[in-house]
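# Inside the fold
Each chain, letter by letter, is given below.
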Amino acid sequence: MDMEKIKAFLSLSETESFTKSAEQLFISQPALSKQIQTLEQELNIPLFNRTKKATTLTMYGTYFRPYAAAIWENYAKALDHIKQITNSEEGNLYVGATHFIGVYLLSPHLAQFQQLFPNITMHATIDSSKTLLRKLEKYELELAFLSDYVAIDEERFQRLPWMKDELKVAVGANHPFAGRTSITEEELATDLFVTKEKYSSIYQFINSSRRHVVTEGKSLFIHDQEAIKQVISTGRGFALLSPKSVALEVAAGRIHLLDLEGYELKRNITIVREKNRHITPACKHLLELILKEQ
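This text gives an overview of the structure that appears in the document.

Rules behind the numbers
- Every chain's residues receive numbers from 1 upward, in the order its sequence appears when written.
- With the structure being a predicted model, the display of local features is reserved for residues of pLDDT at least 70 and the display and counting of side-chain atom pairs for 80 or more, all residues being used for whole-chain, interface and lining totals.
- Excluded from the side-chain calculation are hydrogens and water; included are all heavy atoms of the structure.
- For helices, the axis comes from a line fit to the C-alpha atoms of the stretch in contact; other axes are also lines fit to C-alpha atoms, and the angle between any two N-to-C directions lies between 0 and 180 degrees.
- Numbering of helices and strands runs from the N terminus; a helix is a DSSP stretch of H or I covering at least four residues, while a strand is a stretch of E covering at least two.
- Note on angle classes: values under 35 degrees are labelled roughly parallel, values over 145 roughly antiparallel, values of 65 to 115 roughly perpendicular, and the remainder oblique.
- For any pair of crossing helices, the crossing counts as left-handed if the nearer helix is rotated counterclockwise from the farther one by less than a right angle, and right-handed if it is rotated clockwise.
- Contact criterion: two residues are considered in contact whenever any of their non-hydrogen atoms come within 4.5 Å of each other.
- Buried, partly exposed and exposed residues are distinguished by accessible area as a fraction of the type maximum, computed with a 1.4 Å probe on protein chains only: under 20%, between the cut-offs, and over 50%, respectively.
- Between any two strands, pairing holds if DSSP finds at least two bridges.
- Definition of nonpolar core: a set of buried residues of the types Ala, Val, Leu, Ile, Met, Phe, Trp, Tyr and Cys, connected through side-chain atoms within 4.5 Å.
- Patch definition: residues above 30% relative accessible area lacking any salt bridge, with like charges linked at up to 9 Å and the nonpolar side chains Val, Leu, Ile, Met, Phe, Trp and Tyr linked at up to 5 Å.
- Areas reported as accessible are Shrake-Rupley estimates using a 1.4 Å probe. Residue values count occlusion only from the protein chains shown.
- Think of a salt bridge as a Lys or Arg side-chain nitrogen and an Asp or Glu carboxyl oxygen that are within 4 Å of each other.

### As for the packing of helix α5 (residues 99–116) against helix α12 (residues 281–291)
For the pair α5 and α12, interaxial distance at closest approach is 10 Å and the crossing angle is 125°. Between α5 and α12, the angle falls in the class oblique. Note that α5 runs across α12; the crossing there is right-handed. In contact with Leu106, His109, Leu110, Gln112, Phe113 and Leu116 of α5, α12 contributes Ala282, His285, Leu286, Leu289 and Ile290.

See the structure below:
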């Protein structure tokens, strides 16, 4: 099967437009149409519904798409794997992490990796855990760095333990609690809780660990962790944050950390990869670099 036909099919299934896909693939519309027709003849099924208004996937095309995506991604990764072996570790490495992990935990390791392997092009995606898992499923990432409370398909993926992290109560330097070393959950329940949205994995983790804190009193939902730090640094409300994410603010005296009396909000940071997928040399080197520092 010609891989260019697979590429053409995937492009058309996304754009639903022969014009847009032809431009995207830098080929003529007749050439694109011929590729799709030939693929349909090889499979002996219609892949697209063609009307004047739209080009949409048929039932057959819908079922074929995930397999086509897997074929194309594996083909691309196989070429990259071979390139890494034959050209002195040249190639690409695709990894992903949630914002906290990517910014505060992973970035120093990526910088070190780039120094050791300058011929490897690193592609690091910082996004939500849901987006990262979708990219893993579509073979767009080799590794995803996630907290252990993020649910994964245990049959398809495996977790590699990396490091431990603990959340602390964070308040601004002018907050009434700032002069203390610890706080009770009952006291926190009377204050404003500044946190990410209810659908976020970190909110679900906090909610399941200390439900009283996040359900009593008022909450302010902010998508961005940096914005959360800015809000609490004014002295209004509290947040539950990792000390690693506020180290600079604590050192500057802008944010103060307290223990939550009687409780520990600990989480494990893990590396998620597909069980049966061949690991590239570049990925192997990154894992060795990261895991040896545990």
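From this point, the narrative continues.
### What to know about the pairing of strand β12 (residues 265–274)
Among the ten residues of β12, eight are classified as buried, and the element is accordingly described as predominantly covered. Pairing of strand β5 (residues 143–147) with β12 involves four bridges; the strand directions are antiparallel. Across the sheet, the residue bridging to Ala144 is Val272, located in β12. Note: strand β6 (residues 157–172) against β12, ten bridges, orientation antiparallel.

### Here's the deal with the nonpolar core
Core analysis: the biggest nonpolar cluster contains 24 residues, and Leu93, Phe113, Phe145, Trp162 and Leu286 have the highest contact counts within it. At the level of elements, β3 (91–97), α5, β4 (120–126), β5, β6, β12 and α12 are the ones that each hand at least two residues to this core. If we skip the residues at most four places from it in the chain, Leu93 touches Phe113, Ile120, Thr121, Met122, His123, Glu142, Thr280, Ala282, Cys283 and Leu286. By size, the runner-up hydrophobic cluster in this structure holds 18 residues, among which are Met3, Phe9, Leu32 and Leu47.

### With respect to the environment of Val150
With respect to the helices and strands, Val150 occurs in the loop between β5 and β6. For the pair Val150 and Lys164, spaced 14 residues apart in the sequence, the C-alpha separation amounts to 15 Å.

### Focus on a nonpolar patch on the surface
A cluster of nonpolar residues, Met59, Tyr60 and Tyr63, forms a patch on the protein surface that exposes about 390 Å² of accessible area. Note on placement: Met59 falls in helix α4 (residues 59–86). Met59 gets classed as exposed once you look at its relative accessible area, which sits at 54%.

### Describing the pairing of β5
Across the five residues that make up β5, a large majority, five, are buried. Pairing geometry for β3 and β5, over three bridges, is parallel. Residue pairing in the sheet places Ala97 in a bridge with Phe145 of β5.

### Some remarks on the pattern of salt bridges
Within this structure, the stated rule accounts for twelve salt bridges. Across the pair Arg65 and Glu14 runs a salt bridge, and its minimum N-O distance is 3.3 Å. Pair noted here: Arg65 is in helix α4 and Glu14 is in helix α1 (residues 3–15), with a separation of 51 residues, a long-range link. The exposure class of Arg65 is partly exposed, given its relative accessible area of 22%. Given a relative accessible area of 58%, Glu14 falls into the exposed group. Here Lys138 makes a salt bridge to Glu140, at a shortest N to O gap of 3.4 Å. A relative accessible area of 41% means that Lys138 is categorised as partly exposed.

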